[in-house]
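Fold and contact review
Here is what each chain is made of, one letter per residue.
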Amino acid sequence: MNNLREIFGSQDEMNNIWGSGYLKLGNGKELHTIGTQFPNPESEDGSEESEEEWEKKNLRYGWGKFKPDCLQVFNSIRWYVFFTCVFSLFQGYLVNGVINAIISTLEKRFELPSSKAGLIVSSNDFIAFFLVLFISFYGGERNKPRLIGIGIITLGIGSFIFSLPHFLAGTYRISEDFNAFENVCHINGTSSSCTTRAASSVSKYLYVFMLANALHGAGSTPMFTLGTTYIDSNTKAKNTSFYLGLIYAAASVGVAAGYMLGAQTLSIYTDFDKVDPEKLKLTPADPRWVGAWWINFLIVGSVMFLITIPVLGFPKRLPGSKKLMEQREEEAYVSAKTEQEDQKERPEWRDFPRMIAALIMNPTFLFLALATCTEGMIVSGIAAFGAKFFQEKFNLPAAFAGLLMGIVTVPGAGGGMFLGGLLVKKLKLKVLGIIRMDLIVAIIALVIGCLFFIQCPKMEMAGVTSNYITKGDFGGSSSNLTNSCNSECQCTTMSYEPVCGMDSLVYFSPCHAGCRNDYKWMDSPMGKFKAYMNCSCVQASFAYQFLMNNKSMAMETTTNVPVSTSTMMSNQTNVTAMPNAFQGICPGDCKLVWVVVPLLFIGMLMTFTTVSPTQTATLRCVSVKQRTLAIGVQWLVLRLLGTTPGPLILGTIIDSACQVWQNVCGDTGSCWNYEKTDMGVKMFIWWCLTKSLSVVFYFCAQYFYKPPDNSQEDEDDQKLPINPVDFVDAKESVI
């Protein structure tokens, strides 16, 4: 027998790679065995050591040489999943929850326009785009917990960097001109919002926020790529989808907590550590108020460093993982290339193009990746504009619409991902069964698209759907928010602050209702709101209705009453003795929203039910050495073609139904008001087309899937020449 040391390396190297699956002969030669026991090379008497004993000795939980027996209780996949769930909870809490909740606060504190503030959110994917394939390929055969730990530390550093502008920018300066924050009528006033101002020194911190959020994305990448394959390699096949469902459910709960708990810190003054807000006579209801947006980043940054400690303690693979992989049935898509798969333990970079090509030539993987993109497009679109859908279609206040979206999203997302993993585990589904389950679920979700046709009667808004004063039908004319009752107020459409007049008309803002800076605060279940006492357009409407009631037989209905603003302001009637308008839109008695909420919940539940099963099918339909890279490629494609363009596409579709646009110093800004029916039809078409693509992709994935022929493989194994030396059982060996 030839010496195999030059081929397989030293005894220690073989032990690390093959689990001591070698016999060390007295003449210095090694012999590969199939037996479950073998001589211990470290034992002087050559006593036999089982593979299980070797794993317990060499695959221990701990750090460096500190691996005491008391810590080995953590050396299991369940504890790894637990720590991953904790990470996902706080990562979702911060990145997808808190940051979105504080964007408007950052705009005010650091004087950022919305277009630039949007770059903060988008920057999460900047570095991750370039890292994902590198990490997936490089970390495929390396110590995954170590790389994941480095990623968690990176995310923690990003959190601390995000909070730095609070400490570097100095104390927040409050404008002394309170009226500048009030969108009310100023007779013969001039708008100062478009006056040229020197560039703010605090706006430069935009780049600090972008860098910090980019580190958030980079730090999350190893966990959601390498962490997925680490779980799959160290557990039974039927448990993979269930564990992934738990992790994704924890992330969705974190997002909801970020919106709710993260917003609570905004009720604390941003510089509470430097000044007393009571001395400044500021309350959270004041439009100049800036909350303590930075607290959550310090908390989460500290938590990330704590989570790193237990994650770094896990070994490269867990005890028993080799046996699990040997017992697992091969389900990879069969192609000509699988027969020629490279047998290297650790692929090199020159193998990267070949492995990418093999993934692309795998139709099951390709169609599953495309289905993931379409599902991600729906999820990201609804997450961005779901609250707007409720607000516009059912005449709801923004706060209540956001609350309804939270009610739909949290149980829908968390429950769907948990349900998907549970179904795969309980039904013991394999690749083909998983894909067909996804296909059925996608078809059910497709039917839910009819909900976008449901709507409440349109809101009567002055100058948009109804005439000022006369309350007549506006017809198909283009919107005109200026009328004789507010012509001297210098109103703009820069800010949408609707008020409900006592005449049952909704006005675009207090200024467009002709309201002066005369209001009082009132309480409601949704919080405090303003009641304006002196609104010229509302008073003109009351006067017109009074005139019509008394002279209806002698006077024809007109479409305009020439009432000057100054006259109406000076005319103190009984109308001014009570509030003329209230902050927010007029409440209605339409209950159709409670039909849509459960329907949208079912749609989101069905959409998220496919998440963990699809990722499990992705892991199964590729070879073992391609799994980490496959997850990385799928993640990259999902971001590039799914979650990134999803909000842009749906936002463009919704804006095409716009009736009133924001005017920012002569430039068109965002849309303030939509045509309900047009909006519903277009959202229905978008939902149906996207879900139809998902159905097609899932169908093609299962149609082109070619499972391995295990029976044929068994027959081929029986035809192999048998060498007695290769089948020496170490337990019976006398060598």
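This is a predicted model, so every value here is computed, not measured. (Residues numbered from 1 in each chain as written. Predicted model: local features only at pLDDT ≥ 70, side-chain atom pairs only at ≥ 80, totals over all residues. Heavy atoms only, no water.)

Remarks on the overall build of the protein chain
The secondary structure content of the protein chain amounts to 24 helices and 11 strands. Counting the 735 residues in the protein chain, one finds 49% classified as buried. Sequence-distant contacts in the protein chain: of pairs separated by 6 or more residues, those separated by 24 or more amount to 78%. (Helix = DSSP H or I, 4+ residues; strand = E, 2+ residues; numbered from the N terminus. Buried < 20%, exposed > 50% of the residue type's maximum accessible area, 1.4 Å probe, protein only. Contact = heavy atoms within 4.5 Å.)

Looking at the sheet that holds strand β8 (residues 529-532)
One open sheet accounts for 5 strands, arranged β6-β5-β9-β8-β7; its pairing is antiparallel. On the outer flanks of this sheet lie β6 (506-507) and β7 (519-522), each paired with one strand and no other. Note that strand β5 (residues 499-501) and strand β9 (residues 581-583) share 3 bridges and pair antiparallel. Across the sheet, the residue bridging to Cys500 is Phe582, located in β9. (Pairing = 2+ DSSP bridges.)

Comments concerning empty space enclosed by the protein
In total, this model carries 2 cavities of 30 Å³ or more according to the counting rule given. Lining the second largest cavity are Thr84, Met223, Phe224, Gly227, Thr228, Ile231, Leu244, Ile247 and Tyr248. Taken together, the elements giving at least two residues each to the lining of the second largest cavity come down to α8 (206-233) and α9 (237-264). (1 Å grid on protein atoms, 1.4 Å probe; cavity = no way out; pocket = protein on both sides within 12 Å on 5 of 7 lines; lining within 4 Å. Points joined across faces, edges and corners; volume = space filled by probe spheres on them.)

As for the nonpolar core
Formed by 93 residues in total, the largest nonpolar core has its most connected members in Phe162, Trp293 and Phe390. Considering every element that reaches this core, the biggest residue donor is helix α4 (residues 77-109), with 13 residues. Once you skip the residues sitting within four places of it in the chain, Phe162 turns out to touch Ile99, Ile102, Leu106, Ile120, Phe209, Ala212, Asn213, His216, Trp293 and Phe297. Formed by 30 residues, the second largest nonpolar core is a distinct cluster that contains Cys500, Cys515, Met548 and Ile585. (Core = buried A, V, L, I, M, F, W, Y, C linked by side-chain atoms within 4.5 Å.)

Let's talk about unusual backbone geometry
Phi is positive for Gln490, close to 60 degrees, though the residue is something other than glycine. Its place among the elements puts Gln490 in the loop between α16 (431-447) and β5. On the accessibility criterion, Gln490 (45% relative accessible area) is partly exposed. Even without being glycine, Ser504 reaches a positive phi, approximately 70 degrees. Along the chain, Ser504 turns up in the loop between β5 and β6.

Topic: the environment of Gln626
Take Gln626: it is sitting in the loop between α20 (611-620) and α21 (627-643). Exposure remark for Gln626: the relative accessible area of 12% places this residue in the buried category. Distance from Gln626 to Ala358, taken between C-alpha atoms, is 8.9 Å for residues 268 residues apart in sequence. With near-sequence residues (within four places) excluded, Gln626 lies in contact with Met355, Ala358 and Leu359.

A few points about helix α23 (residues 676-704)
When the terminal C-alpha atoms of α23 are compared, their 42 Å separation across 29 residues agrees well with the 42 Å that a helix rising 1.5 Å per residue should span. Of the residues that open α23, the one with a side-chain oxygen 3.3 Å from the backbone nitrogen of Thr677 is Glu675. (Expected span 1.5 Å × (residues − 1). Polar contact = N/O pair within 3.5 Å; in protein donor to acceptor, adjacent residues only side chain to side chain.)

A short note on the confidence of the model for the protein chain
Per-residue pLDDT for the protein chain averages 76, and the proportion of residues at 70 or more is 75%. Looking across the protein chain, the model is least confident in helix α24 (residues 710-719), with a mean pLDDT of 41, and most confident in helix α10 (residues 295-312), with 93. Confidence drops under pLDDT 50 across residues 1-38; counting only partners more than four residues distant or on other chains, this segment forms 79 contacts. (pLDDT = per-residue confidence, 0-100.)

A few points about the pattern of salt bridges
A complete count under the given rule lists 5 salt bridges for this structure. Across the pair Arg620 and Asp232 runs a salt bridge whose closest N-O atoms are separated by 2.5 Å. Taken as a pair, Arg620 in helix α20 and Asp232 in helix α8 lie far apart in primary sequence, 388 residues in all. Residue Arg620 shares its accessibility class with Asp232, and that shared class is buried. (Salt bridge = Lys/Arg side-chain N within 4 Å of Asp/Glu carboxyl O.)

Things to note about the pairing of β8
Looking down a regular strand, the side chains alternate between one sheet face and the other. Residues Phe529 and Ala531 of β8 are buried on one face, and the alternating residues Lys530 and Tyr532, pointing to the opposite face, are buried as well. Examined bridge by bridge, β7 and β8 share 4 bridges and lie antiparallel to one another. Counted as the bridge partner of Tyr519 is Tyr532 from β8.

Some points on a positive patch on the surface
Taken together, the side chains of Lys236, Lys238, Lys426 and Lys428 present a region of like positive charge at the surface. As for its placement among the helices and strands, Lys428 is situated in the loop between α15 (398-427) and α16. (Patch = residues over 30% accessible without salt bridge, like charges linked within 9 Å, V, L, I, M, F, W, Y side chains within 5 Å. Areas by Shrake-Rupley, 256 points an atom, 1.4 Å probe, with all protein chains shown as cover. Lys, Arg positive; Asp, Glu negative; His and termini not counted. Charge placed at Lys NZ, Arg CZ, Asp CG, Glu CD.)

Remarks on the packing of aromatic side chains
All told, the structure shown has 36 aromatic pairs when counted by the stated rule. Measuring from centroid to centroid gives 5.7 Å for Phe272 and Trp294, while their planes differ by 5 degrees, and the two rings are stacked. Taken together, the residues Phe272 in the loop between α9 and α10 and Trp294 in the loop between α9 and α10 connect sequence positions 22 residues apart. Assessed through its relative accessible area of 41%, Phe272 is described here as partly exposed. (Phe/Tyr/Trp six-rings, centres within 6.5 Å; stacked < 30°, edge-to-face > 60°.)

Some details on the side chain of Thr372
Relative to the helices and strands, Thr372 is located in helix α14 (residues 363-393). When sequence neighbours within four positions are dropped, the list of residues in contact with Thr372 reads Thr614, Gln634 and Leu638.

Some points on the state of the cysteines
Summed over all chains, the structure comprises 5 disulfides. The residue that forms a disulfide with Cys485 is Cys537, at a sulfur-sulfur distance of 2.0 Å. Handedness here is read from the sign of the S-S torsion; for Cys485 and Cys537, about 90 degrees, the answer is right-handed. Residue Cys485 is found in the loop between α16 and β5, and its partner Cys537 is found in helix α17 (residues 536-551); the two are separated by 52 residues along the sequence. One disulfide in the model links Cys515 with Cys535; its S-S distance is 2.0 Å. Handedness of the Cys515-Cys535 disulfide follows from its S-S torsion of about 100 degrees: it is right-handed. (Disulfide = S-S within 2.5 Å.)

Considering a nonpolar patch on the surface
Together, Trp63, Phe66, Leu306, Ile309 and Leu312 give the surface a local cluster of nonpolar side chains, amounting to about 480 Å² of exposed area. If you trace the backbone, Leu306 turns up in helix α10.

Observations concerning the packing of α8 against α21
One way to put it is that α8 packs onto α21 with a least axis distance of 9 Å and a crossing angle of 140 degrees. Crossing geometry of α8 relative to α21 is assigned as right-handed. Facing Thr221, Phe224, Thr225, Leu226, Thr228, Thr229 and Asp232 of α8, the residues of α21 in contact are Arg627, Thr628, Ile631, Gly632 and Trp635. In terms of residue class, the contact of α8 with α21 is built from 4 nonpolar, 6 polar and 2 charged. (Axes fitted to C-alpha atoms, helices over the stretch in contact; angles between N-to-C directions. Left-handed = near helix turned anticlockwise from the far one by under 90°. Nonpolar A, V, L, I, M, F, W, Y, C, P; charged D, E, K, R; others polar.)

Concerning the environment of Gly64
For Gly64, the location among the structural elements is in the loop between α3 (51-58) and α4. Residue Gly64 is classed as exposed on the basis of its relative accessible area, which comes to 62%.

A closer look at the packing of α16 against helix α19 (residues 593-609)
One way to put it is that α16 packs onto α19 with a least axis distance of 9 Å and a crossing angle of 155 degrees. In terms of orientation, α16 lies roughly antiparallel with respect to α19. In this structure, the crossing between α16 and α19 has a hand that is left-handed. Across the interface between the two elements, Val441, Ile444 and Ala445 of α16 pack against Gly603, Met606, Thr607 and Thr609 of α19. (Parallel < 35°, antiparallel > 145°, perpendicular 65-115°, else oblique.)

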